[in-house]
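Letter by letter, the chains look like this.
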Amino acid sequence: MDLNFKELGGIVYGEFNGRLDTAAAHATDINEFIDNADKKIVFDCEKLEFISSAGLRILLALYKECRKKGGSITLKSVVPSVMRVFQVSGFANMFTIE
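Scoring rules and cut-offs
Residues numbered from 1 in each chain as written. Predicted model: local features only at pLDDT ≥ 70, side-chain atom pairs only at ≥ 80, totals over all residues. Heavy atoms only, no water. Helix = DSSP H or I, 4+ residues; strand = E, 2+ residues; numbered from the N terminus. Rg over C-alpha atoms; globule rule 2.2 N^0.38 Å. Buried < 20%, exposed > 50% of the residue type's maximum accessible area, 1.4 Å probe, protein only. Contact = heavy atoms within 4.5 Å. Areas by Shrake-Rupley, 256 points an atom, 1.4 Å probe, with all protein chains shown as cover. Lys, Arg positive; Asp, Glu negative; His and termini not counted. Charge placed at Lys NZ, Arg CZ, Asp CG, Glu CD. Pairing = 2+ DSSP bridges. Axes fitted to C-alpha atoms, helices over the stretch in contact; angles between N-to-C directions. Core = buried A, V, L, I, M, F, W, Y, C linked by side-chain atoms within 4.5 Å.

Draft legend 1. Inspection of the overall build of the protein chain at higher detail. Scanning the protein chain from terminus to terminus reveals 4 helices and 5 strands. When the helices and strands of the protein chain are read in sequence order from the N terminus, they spell out β-β-α-α-β-α-β-α-β. Against the 2.2 N^0.38 benchmark of 13 Å for 98 residues, the protein chain shows a C-alpha radius of gyration of 12 Å, consistent with a compact globule. Taken along its principal axes, the extent of the C-alpha atoms in the protein chain is 30 × 25 × 20 Å. Expressed as a percentage of its 98 residues, the buried residues of the protein chain come to 38%. Considering only residue pairs separated by 6 or more positions, the protein chain has 70% of its internal contacts joining residues 24 or more positions apart. Surface accessibility of the protein chain: about 5400 Å² in total, with carbon and sulfur atoms responsible for 47%. The positive charge centre, built from 12 side chains, and the negative charge centre, built from 13, are 7 Å apart in the protein chain.

See the structure below:
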């Protein structure tokens, strides 16, 4: 699983690529995103094939930091199988999904 980071015009962009399962979640560094939790963060999820509860915990941790620091998270291009996980877990209500 790859998670790319870039910042343009005060907006932080991330792109997931692959499976965000337990192994990937432990290897994924979200510190750059947490350091920018006061900004708008946009994740492109078009290439996110799968997300496990460990992956959801990463997003939850970032969500909590954004709420504390005044930032926001938007998820774009979420594939149907991942969207179903967000809906069942209640995460679809936490994030702006486009």
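There's more to say after this.
Draft legend 2. Highlighting unusual backbone geometry. Phi angles above zero are rare outside glycine, and Ser77 is one such case at about 55 degrees. As for its position among the elements, Ser77 is in the loop between strand S4 (72-76) and helix H4 (80-89).

Draft legend 3. Up close: the sheet that holds strand S1 (residues 2-8). Spatial strand order, S1-S2-S3-S4-S5: 5 strands in an open sheet with mixed pairing. If you trace the sheet from one side to the other, it starts and ends with S1 and strand S5 (96-97), each paired once. Pairing between strand S2 (residues 11-20) and strand S3 (residues 40-51): 9 bridges, direction parallel. Within S3, the residue paired with Glu15 across the bridge is Asp44. Each of S3, S4 and S5 is contacted by H4, which is oriented at about 110 degrees to S3, the strand it contacts most.

Draft legend 4. Focus on the nonpolar core. Membership of the largest hydrophobic core comes to 28 residues, with the highest contact counts inside it found for Phe43, Ile73 and Phe86. Taken together, the elements giving at least two residues each to this core come down to S2, helix H1 (22-27), S3, helix H3 (53-69), S4 and H4. The element that contributes the greatest number of residues to this core is H3, accounting for 7 residues. When residues no more than four places from it in sequence are discounted, the contact partners of Phe43 are Leu3, Gly14, Phe16, Phe33, Leu59, Leu62, Ile73, Thr74, Leu75 and Lys76.

Draft legend 5. Broad picture of the environment of Ile58. Among the structural elements, Ile58 can be located in helix H3. On the basis of relative accessible area, Ile58 is assigned to the buried category, the value being 14%. On a C-alpha basis, the gap between Ile58 and Ile30 in space is 7.8 Å, while along the polypeptide they are 28 residues apart.

So, to be careful, I would describe these as geometric facts and stop short of saying anything about function.
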